[in-house]
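Examining the three-dimensional arrangement
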Amino acid sequence: VYDPDAFEWSETPFTMPVWDDLVMMEVHPGTFGLDPGEAPPATFDECIERLDHLADLGINAIALMPVAEFPGDISWGYNPTGLYAVEHAYGGPDALKRFVDAAHERGIAVFGDVVYNHWGPMDMDLWRFDGWSEGPWGGIFFYNDERAVTPWGDTRPDYGRGEVRDFIKDNVRMWLEEFRLDGLRFDATKFVRRTNWGDLAEGWSLLREMNDMIDALQPWKISIAEDMDGDSWITRPTGNGGAGFDSQWDPVFMHPMRSALIAPNDADRDMGTIASIVAGTTEQGDASKRVIYVESHDEAATGGRIPFAIDTGDPLGWWSRKRATLGISVLMTSPGLPMLLQGQEFLQGGGFSDTQPLAWNQAEDFAGIVDMTRDLIALRRNLAGRTAGLSGNHINILHVNHDAKVMAFQRWNQGGFGDDTVVVLNFGNTAYQDYRIGMPHGGTWRLRFNGDATIYD
């Protein structure tokens, strides 16, 4: 029996970063803390040893993949069996608290990843909990008809039962209150609010209730949906009929941007499309409503990490380095909350796997690219007080040249000196010694970042 009050937290004060200052990194605990050749899984205590790297990089939010108990010792975490238990192979509940405490001491927020669209589907103590069930279904915690069917097993919780709704909402509170997580990413919310046959009203109302509860108890903590439909109702306030999430993963940005980076031929890059997805559509004029990324665990597992997908024969070669770092540049200068995948800052190759440790040696081999990522994050967060526009809500596309594969855009928050920022991007396979682009207004404009600088590689 675990005593939830026994852990002694440090006295170091921590304040959640304002949302438009967030730069996230998605982390899989079981591989993040390991060196090449070490056997997974890593523990949270081993992951703590990597926090100084993230702090030095400028990361101020860690997006943990799920840490609730799952079968065995190795998993992505999206097959939870014990929603109120912290995975024992990662070190259990006190280890998670030590990790959160250590991150907070470095000014880094920690977000959890919760799975309420299905459970298991294997080794669940909730399955037929009291011995009752209808046909092949799971009993009182689950739907006992076709509503139970999900892409990952026939184990959708019965959101129509008050006891199940309380079980889930209390779980949300546990992560945010007892473990002091600073936000939650809700996995596959589309499969909470929909079945294969249509809308699921009680799932939609549960999402709204969870967000209303968070806003009432700890409104500074962020709730992020992985809905993947690009539906603006997900981030609209519940008072306006929306689901009330603060932000959502943006596949409309990720898929075409990833394709543009990977495509070997210029003819396969449409600059109009790239300009459109960079500008995006911000619900209520708030860029923080979308989380933007070019790599997450899903895409990296199915299509490979960006450097590997660009050139499988030479994933650390010049073309891979240039386009992979171009992806980070676009990410840190576009409207939205940017998210990197662990190892992206040192060209982690291959694909994402829960058995593959990160190639931490590449952080030294490609120290220049780590420096480049650090400088881009500093610009995005306006740490030098010169680029406030990169965290603002405003964007103006200044220039789109489809033939030359060049685009430019202006970002601003309030506008003016130290705020207005112009970004010029070359997506082509041609370098230019002389390329003229008009600026949005007169005055002296200063170069703050040059992705071709030799100091970066």
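Residues numbered from 1 in each chain as written. Predicted model: local features only at pLDDT ≥ 70, side-chain atom pairs only at ≥ 80, totals over all residues. Heavy atoms only, no water.

1. Considering the pairing of strand 2 (residues 61–64)
The side-chain alternation of strand 2 yields two buried faces, one formed by Ala-61 and Ala-63 and the other by Ile-62 and Leu-64. Across four bridges, the pairing between strand 1 (residues 24–27) and strand 2 is parallel. Across the sheet, the residue bridging to Met-25 is Ile-62, located in strand 2. When strand 2 meets strand 5 (residues 109–114), the two strands line up parallel, connected through three bridges. Within strand 5, the position partnered with Ala-63 by the bridge is Phe-111. (Buried < 20%, exposed > 50% of the residue type's maximum accessible area, 1.4 Å probe, protein only. Helix = DSSP H or I, 4+ residues; strand = E, 2+ residues; numbered from the N terminus. Pairing = 2+ DSSP bridges.)

2. Observations regarding the layout of surface pockets
Empty space within the largest pocket amounts to approximately 1,600 Å³. Every residue lining the largest pocket is counted, 50 residues in all, and those nearest its centre are Val-423, Val-424, Leu-447, Phe-449 and Asn-450. Of all the secondary-structure elements, those providing two or more residues to the lining of the largest pocket are helix 12 (318–333), helix 14 (367–380) and strand 15 (421–426). If you tally residues by element for the lining of the largest pocket, the top one is helix 12, at eight residues. When its residues are assigned to classes, the lining of the largest pocket shows 22 nonpolar, 19 polar and nine charged. (1 Å grid on protein atoms, 1.4 Å probe; cavity = no way out; pocket = protein on both sides within 12 Å on 5 of 7 lines; lining within 4 Å. Points joined across faces, edges and corners; volume = space filled by probe spheres on them. Nonpolar A, V, L, I, M, F, W, Y, C, P; charged D, E, K, R; others polar.)

3. Focus on the sheet that holds strand 15
The sheet built from three strands is open, its strands ordered 13-14-15 with antiparallel pairing. Each having just a single partner strand, strand 13 (394–401) and strand 15 make up the two edges of the open sheet. When strand polarity is set aside, the average angle formed by the axes of neighbouring strands in this sheet is 15°. Taken together, the seven bridges between strand 13 and strand 14 (residues 406–412) define a ladder with antiparallel strand orientation. Within the sheet, the bridge partner assigned to His-394 lies in strand 14 and is Trp-412. Strand contacts of helix 9 (residues 271–279): strand 13 and strand 14, with the helix running at about 170° to strand 13, the strand carrying the most contacts. Sheet strands in contact with helix 12 are strand 14 and strand 15, and its direction is about 155° off that of strand 15. (Axes fitted to C-alpha atoms, helices over the stretch in contact; angles between N-to-C directions. Contact = heavy atoms within 4.5 Å.)

4. Description of the sheet that holds strand 11 (residues 290–292)
Reading around the barrel, the eight strands line up as 1-2-5-6-9-10-11-12 and close back on themselves, with parallel pairing between neighbours. Pairs of neighbouring strands in the sheet enclose a mean axial angle of 30°, with direction left out of account. The pairing of strand 5 with strand 6 (residues 183–186) spans four bridges and is classified as parallel. When the sheet's bridge partners are listed, Gly-112 is paired in strand 6 with Leu-184. Against the sheet, helix 4 (residues 92–105) makes contact with strand 2 and strand 5, and its axis sits at roughly 140° relative to strand 5, the strand it touches most.

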